[in-house]
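# Structural characterization, general
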Amino acid sequence: MVRWTASNIPSQKGRLAVVTGTGGLGYEDALALSQAGAEVVIAGRDPAKGAMAVEKIRTRLPSAQVRFERLDLASLHSVAGFCHRLSTQTDRLDLLINNAGVMMPPKRLETEDGFEMQMGTNHLGHFALTAGLMPLLRRAHKARVISVSSVAARNGVIDFDNLNAERRYNPMRIYSQSKLACLMFALELHRRSEAAGWGVASIASHPGVARTDLIYNAPGRQSLLGMTRSTLWFLFQPVWQGALPTLFAATSPLARSGAYYGPGGLSEVRGYPASARIPEAALDIKASARLWEASQALTGVAF
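The structure contained in this document is the topic of the report that follows.

## Thoughts on the pattern of salt bridges
Considering all chains together, one arrives at 11 salt bridges under this definition. Across the pair Glu69 and Arg85 runs a salt bridge, and its minimum N-O distance is 3.1 Å. Separated by 16 residues along the polypeptide, Glu69 in strand S3 (residues 65-70) and Arg85 in helix H3 (residues 76-89) bring together distant segments of the chain. When its relative accessible area of 14% is taken as the criterion, Glu69 is described as buried. Given the relative accessible area of 29%, Arg85 is considered partly exposed.

## Things to note about the sheet that holds S3
Judged by pairing direction, the sheet is mixed, and its 8 strands sit side by side in the order S3-S2-S1-S4-S5-S6-S7-S8 without closing on themselves. Lying at the two open borders of the sheet, with one neighbouring strand each, are S3 and strand S8 (273-275). The mean inter-strand angle of the sheet, taken between neighbouring strand axes irrespective of direction, is 25°. Bridge count for strand S5 (residues 143-148) against strand S6 (residues 200-205) is 6 bridges, and the pairing is parallel. The residue of S6 that forms the bridge with Arg144 is Ala201. Of the strands in this sheet, strand S1 (16-20), strand S2 (39-44), S3 and strand S4 (95-98) are in contact with helix H1 (residues 24-35), which crosses S1 at around 165°. Across the sheet, H3 is in contact with S1, S2 and S3; its angle to S3 comes to roughly 145°.

So, how was this worked out
- Residues numbered from 1 in each chain as written.
- Predicted model: local features only at pLDDT ≥ 70, side-chain atom pairs only at ≥ 80, totals over all residues.
- Heavy atoms only, no water.
- Salt bridge = Lys/Arg side-chain N within 4 Å of Asp/Glu carboxyl O.
- Helix = DSSP H or I, 4+ residues; strand = E, 2+ residues; numbered from the N terminus.
- Buried < 20%, exposed > 50% of the residue type's maximum accessible area, 1.4 Å probe, protein only.
- Pairing = 2+ DSSP bridges.
- Axes fitted to C-alpha atoms, helices over the stretch in contact; angles between N-to-C directions.
- Contact = heavy atoms within 4.5 Å.

This is the structure we're talking about:
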């Protein structure tokens, strides 16, 4: 693959994109898509941060068609409300980037619906969001759903007997499980879309190790990860570069449904977009189908 950058994004004029997350990777995704001519909806839980992201993009690109819509992925009620509002604003959706996430809160937290926060936000919230937006996605021409995973998915294990981390909570283990779930969801969505003829491509990506504020916002600056992020910042690639695999998956004619993209450098922690190695656990079709059914039961949504 050539050294692909945001300058390689083909025109997105006439396309509508939803990006979850107001900062970091989500902001870079929204900026690049706006620069390519897309209409972009930035979806997040904090209106102040959303307004700031929109203002920053419009300052750099006055012609940008970008707006903020409130979406709290830790609330199924909020997810349903967002999907309903969007369905009254448009008759189709071309691109959904499931990017927002929670990383390693030191203590077990719960979503509004009683799910463990990482699994509930990173996977179940996006699962419900994708289901709610699927009618709009199916009405678009060659729509894409991009699910953002992590290098942490390599160590993930789906513990069906403890999906909600009620019996034991290890921040890193549960984060890895949630990001493995994101990857398994992307692959299973691809299989189901192909089998049912939905016409929606499903692609997974990961950013490698990027200098976002996700670590500061969850484990905290004084945590081991936070101090590593501060003192060894040069080991982390810039946020704009971490966003490239997702942007490649979202826009490149070369990106394939059912594929996984990440940085092409050593151990996939940095570099430019390339095919990423799919962990063996994510290739377990029976486990993926079981996770899908469990996710439908927990969220009460259906595709």
